[in-house]
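These are the residues of each chain, in order.
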Amino acid sequence: MNDGTPSAPTSTHVAEPGHEVVEPSAEDFRRARQLPVEDDWYKRAVFYEVLVRAFADSNRDGFGDLRGLTDKLDYLAWLGVDCLWLPPFYDSPLRDGGYDIRDYRKVLPEFGTVEDFVEFVDQAHARGIRVITDLVMNHTSDQHVWFQESRRDPDGPYGDFYVWSDDDTRYPDARIIFVDTEASNWTYDYVRGQFFWHRFFSHQPDLNFDNPAVCEAMIDALRFWLDLGIDGFRLDAVPYLFERDGTNGENLPETHAFLKRCRKVIDDEYPGRILLAEANQWPADVVEYFGDPEAGGDECHMAFHFPLMPRIFMAVRRESRFPISEILAQTPEIPHNAQWGIFLRNHDELTLEMVTDDERDYMYAEYAKDPRMKANIGIRRRLAPLLDNDRNQLELFTALLLSLPGSPVIYYGDEIGMGDNIWLGDRDGVRSPMQWTPDRNAGFSSCDPGRLNLPIVMDPVYGYQAVNVEAQSNSSASLLHWNRRMIEIRRQHPAFGLGDFHELGGSNSSVLSYVRQTVDADGHRDVVLCVNNMSRFPQPVELDLIAWKDWTLTELTGGVPFPPIGELPYLLTLPGHGFYWFSIQPGQER
Amino acid sequence: MSAPTLDALLPALTDWLPGQRWFAAKDRTVSGVRLVGQQEITPADAVPAVAHAVIAVSFTDDGPTDRFQLLLGSRPEVSGELEHAVIGRVGDRVVYDGLADGEISRLLLSLIVSDTTVGSLHFVPEPGTEAPIVGPGRPLLGEQSNSSVIYGERAIMKLFRRATPGLNPDLELHRALRRENSREVAPLLGAIEGEIVPDDGGAPVPMTVAMLQDYAANSADGWSMALTSVRDLLAEGDLRPDEVGGDFAGEAHRLGKTIASVHIELARALGTERLGADGVAAVADWMLERLDLAAGAVEAVAAQREEIARVLNGVRAADDEGLLVQRIHGDLHLGQTLRTPRGWLAIDFEGEPSRPLDDRVRPDSPLRDVAAMLRSFDYAAFHQLAEWETGAEAPAYLQRRAQEWADRNRSAFCDGYAAIASTDPRDQLAVLRAYELDKAVYEALYETRNRPNWLTIPLRSMARLVHDTDPARGASDH
């Protein structure tokens, strides 16, 4: 187990002195069945982010696990999501929620085994659900055998796997991301007697991608999981792979070149699988991660649109569409093979890096009245508490999520309006166990409640006895049923996923209106009109729909026909925080 | 359409005019309409045919005549879509407001793009721009004093309804701002220029017929956005303006920057000068003249005439160095601003349309625009309270909230202005106050005549300006 250095236990894969570590290969495992290759599935998909640790515990140890998750696949299929995104489930000391990977080819023992994972992917595929997983390429845990070897033997095969320096002054222009906990991007290692580079926590040394062996090792890790059958990766923290003097170390050309190399492996060896970039940057910089537009995009298939999310919150508070209109107007065109990923909340805090200073102060004032709710440069709350559990706003926000350009990512538990626990450390407040039933441990686990990895939410408004899947399944008016219906409606209209986006404007600045439109290979046109009232007060709006003169509007949740579009601006009235989805269709023959 | 047949339309015009929104003299009774200018744009038998006409309208009160421009379309028959625009029948043709006809608006656009002269009419593209050929145009609804047509969210053409000799300042200033590559106005794309015989006869002089600009797609006007913010505040009651979600101060700050940029660009394009003691005295005299006019009609103004005059004379404080003047907007208020996804735009540089052209193009202090904007924030703040259930006064706490909203946004506007301009408008406090009070006095007269419910808004401000020293309160740290 131990390689002899005075450090914590590391990987089971042990290096002989001066030799490379022998790692398992995909050949050693069964493989999951595959779904048919569909080129644009990720553009139409509704994603669902699920934390293995927090979803379902099959073995009563207080930790959610892969078998528990597998047992809940019927629920997820019923909800109608198309793809699951699993944050890291790899072997890890769990000092950063698993983003500190100790072994790229091993499952965290609490979660199960690689065999359990293959069975999970196989069962998901059996239900038509795809699976993507997080992969952290930028750094490893300091307990990874590569790092242990690197610090122990500077001249060995891993000596150059990390970014080492004799002093801590290089790359002064790179900002410190975790300002709450880190004072520098360099930390001294007493074993090797040098400083190592880390863009995140000091227990997460950055890999040295200038070393070709690191690139090879990382691409082999990708192949390992792709061979087992997964549908793609969310690439964590991609802007920071390389370091260069005189730069801030973000979005460097070398980083893009390496991502193009990863994409080529996907295209050549694993068609239909995807890469989703996490690059918390302005849209104009993020589009670089889609690659060459001439080639239709030759880097990542998807990238998260980070600034959109805080702007949605701000628009509703300001009762003005402009915070959203502005950011969408600043969002460049993307290659035709590319797609944005959009979200309201995820396992990280509500990220405010991408808003200006006065807007950030404002977001703090509005949404984080308690300082404990802040984390890094963001706010750690779930969707429902952020919106004071206001059903109208929950529906409006979800309608925006499902209809703005991009593939929506739903965060587990938000479909039932789960709450958070701001008293838990770091970002654990939004990572509490899924609330399945009003029974013990919310049906998440049958273990002794004291063994739970994180406590169940128990407050009177959001606690598991009030908010759980079982109760909401039994009430057709519940938020859960509402979300399911909206996902279903979205699926019926390809324009939501594939359509172009045209904002209609309109005289009323509190109303955000847009048309999504797509034409399929057979020439069938799908046109969807979305009208959203950002104000808590009822609002009228006049829309210029003259381009669809004599066409008819059909409301999508009930199928009610609205008056045909005529010469004059189309007048609609909306209740406070109300929204409409319409299908626009050619007029009936009369 | 030859001239004699168009004369046959005059009786129908007499009936039609008072129903048009842009017809300014609604309180006067039309006694007659006379044709004073006419230029066919197409042959009279074209389908559709279109002609430009200038008419003089006289009234039963024997007061001054008003002159208006028309674009008259005609067809042998009109479809249902044009029926609402029909003026009357002349011979075998139906004559209607030409801007309602998409084919006519498309023709006008293509004439501009191809740089055409038809008789006395010049259709000129703005040098260095390329207007999109899209169409047909669609009439913009709800306009007050002019009539516009929108071309596919790409361009907008505005027909100036009042027929005024000379270059319209709206066109003049947009041309100047385009030369400065201003980002604070919608870029000018072209114009239609004609000629008119001056009121007192003589040779025809140039006149601006219409103006073509970029269309600011997806925009909303500043007035309605400000009201949204105030509505949000008043519904809250126990929260202050900086605590509610609908806070407008960020927008007001950006708006201040936009207006400062417009002033800098206008100064760069058309120059500045310093008014000496005589010039400043003329400005003060003009303010005092307006004061006496208002005092004759508004009791509350008469009662404070001396105090008001003392503040108005504050404009003479600029005597020492002289008052820096330049071309300005001249009729600035929140309703003359547009919020687009890329920021704020200023629109409508015509100046106060009721004033003579000579007055409107006279250089004036940019502080007049700033003061007018500060007045507009007061109006926005108290507008909903003025509309409070008739007779009853709004609760005192709501009035305090409204005042806080006005203070916060007025000072945010000044802060934004100062961040771009080389000076803070509040550095010339006496001059700024004089301009603001002058505007409030004018408003008191206007509201007394037109909207007595709203009279409390300028009166409240007058009282504050007379007794207070800081026109942008809440900015005492400045």
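### A short note on the overall build of chain A
And then number 1: Counting its regular elements, chain A contains 17 helices and 24 strands.
And then number 2: The C-alpha atoms of chain A give 24 Å as radius of gyration, which agrees with the globular expectation for 590 residues (25 Å, within 12%).
And then number 3: Counting only C-alpha atoms and orienting by the principal axes, one finds that chain A spans roughly 85 × 55 × 50 Å.
And then number 4: By residue count, 64% of the 590 residues in chain A fall in the buried class.
And then number 5: In chain A, of all internal contacts separated by at least 6 residues, the share reaching a separation of at least 24 is 70%.
And then number 6: Accessible surface, chain A: about 21300 Å² in total, of which carbon and sulfur atoms supply 49%.

### As for the packing of aromatic side chains
Residue and element names in this part refer to chain A.
And then number 1: Taken as a whole and judged by the stated rule, the model has 55 aromatic pairs over all chains.
And then number 2: Look at F55 and Y412: their rings are 6.3 Å apart centre to centre, the planes differ by 80 degrees, and that puts the pair in the edge-to-face class. One end of the pair, F55, is in helix 2 (residues 52–55); the other, Y412, is in the loop between strand 16 (407–411) and helix 15 (469–473), and 357 residues separate them in sequence. Note on accessibility: F55 and Y412 belong to one class, buried.
And then number 3: Judged by centre distance (5.4 Å) and plane angle (85 degrees), the ring pair of F304 and F343 falls under edge-to-face. Placement of F304 in strand 11 (residues 302–304) and of F343 in strand 12 (residues 339–343) is noted, with a sequence separation of 39 residues between them.
And then number 4: The exposure class of F304 is buried, given its relative accessible area of 2%.
And then number 5: Given the relative accessible area of 3%, F343 is considered buried.
And then number 6: The cationic tip of R151 hangs over the ring face of Y190; the distance from NZ or CZ to the ring centre is 5.7 Å.

### Side note on the interface of chain B and chain A
And then number 1: Taken together, the contacts link 23 residues of chain B with 28 residues of chain A.
And then number 2: Of the roughly 2000 Å² buried between chain B and chain A, counting both surfaces, carbon and sulfur atoms make up 45%.
And then number 3: Taken as a group, R138(B), N218(B) and G245(B) account for 24% of the area that chain B buries against chain A, more than any other trio of residues on that side.
And then number 4: Counting the contacts that link chain B with chain A gives five salt bridges.
And then number 5: Its salt-bridge partner being E236(B), residue R536(A) comes within 3.2 Å of it at the nearest N-O pair.
And then number 6: Connecting chain B to chain A are nine residue pairs in polar contact (both at pLDDT 80 or more).
And then number 7: Counting residues per element, the ones that place at least two in the side of chain B that touches chain A are helix 5 (222–236) and strand 16 (337–340) of chain B.

### Things to note about the sheet that holds strand 6 (residues 164–165) of chain A
All names here are of chain A.
And then number 1: Here we have three strands laid out as an open sheet, ordered 6-8-7, and antiparallel in their pairing. What marks the edges here is a single partner per strand, and that holds for strand 6 and strand 7 (186–189).
And then number 2: Where strand 6 meets strand 8 (residues 194–197), two bridges bridge the pair, whose relative direction is antiparallel. Bridge assignment links S165 to a residue of strand 8, and that residue is F195.

### Describing the confidence of the model for chain A
And then number 1: Overall, the predicted model of chain A reaches an average pLDDT of 90, with 91% of residues at or above 70.
And then number 2: Note on residues 1–11 of chain A: pLDDT is under 50 here. Beyond four places in sequence and across chains, it has 23 contacts.

### Here's the deal with the pairing of strand 8 of chain A
Residue and element names in this part refer to chain A.
And then number 1: Side chains Q194 and F196 of strand 8 all project onto a buried face; the interleaved residues F195 and W197 project onto the opposite face, where all are buried too.
And then number 2: Direction of pairing for strand 7 relative to strand 8: antiparallel, over a ladder of four bridges. Directly across from Y188, in strand 8, lies its bridge partner F195.
And then number 3: Counted between consecutive antiparallel strands, the loop separating strand 7 from strand 8 contains four residues, among which G193 sits at a positive phi close to 75 degrees.

### Let's talk about helix 10 (residues 308–318) of chain A
And then number 1: Burial of helix 10 of chain A is extensive: nine of the 11 residues sit out of reach of the surface.
And then number 2: Within helix 10 of chain A, burial applies to L308(A), M309(A), P310(A), R311(A), I312(A), F313(A), M314(A), A315(A) and V316(A).

### Topic: the pattern of salt bridges
And then number 1: Overall, the coordinates contain 74 salt bridges over all chains when judged by the stated rule.
And then number 2: In this structure, E269(A) and R223(A) form a salt bridge, with 2.8 Å as the shortest nitrogen-oxygen distance. Linking E269(A) in helix 8 (residues 253–269) with R223(A) in helix 7 (residues 212–228), this pair joins segments that are 46 residues apart in sequence.
And then number 3: Classification of E269(A) as partly exposed rests on a relative accessible area of 38%.
And then number 4: R223(A) gets classed as partly exposed once you look at its relative accessible area, which sits at 24%.
And then number 5: Here D364(B) and R368(B) are joined by a salt bridge, their closest N and O atoms 2.4 Å apart.
And then number 6: D364(B) sits in the buried class, given a relative accessible area of 12%.
And then number 7: Residue R368(B) is classed as buried on the basis of its relative accessible area of 12%.
And then number 8: In this structure, a network of salt bridges that share partners links the residues R375(B), D378(B), R410(B), E436(B), E443(B) and R464(B).

So, how was this worked out
Residues numbered from 1 in each chain as written. Chains lettered and ligands numbered in written order. Predicted model: local features only at pLDDT ≥ 70, side-chain atom pairs only at ≥ 80, totals over all residues. Heavy atoms only, no water. Helix = DSSP H or I, 4+ residues; strand = E, 2+ residues; numbered from the N terminus. Rg over C-alpha atoms; globule rule 2.2 N^0.38 Å. Buried < 20%, exposed > 50% of the residue type's maximum accessible area, 1.4 Å probe, protein only. Contact = heavy atoms within 4.5 Å. Areas by Shrake-Rupley, 256 points an atom, 1.4 Å probe, with all protein chains shown as cover. Phe/Tyr/Trp six-rings, centres within 6.5 Å; stacked < 30°, edge-to-face > 60°. Lys NZ or Arg CZ within 6 Å of the ring centre and 35° of its normal. Buried area = accessible area lost by both parts, 1.4 Å probe. Salt bridge = Lys/Arg side-chain N within 4 Å of Asp/Glu carboxyl O. Polar contact = N/O pair within 3.5 Å; in protein donor to acceptor, adjacent residues only side chain to side chain. Pairing = 2+ DSSP bridges. pLDDT = per-residue confidence, 0-100.

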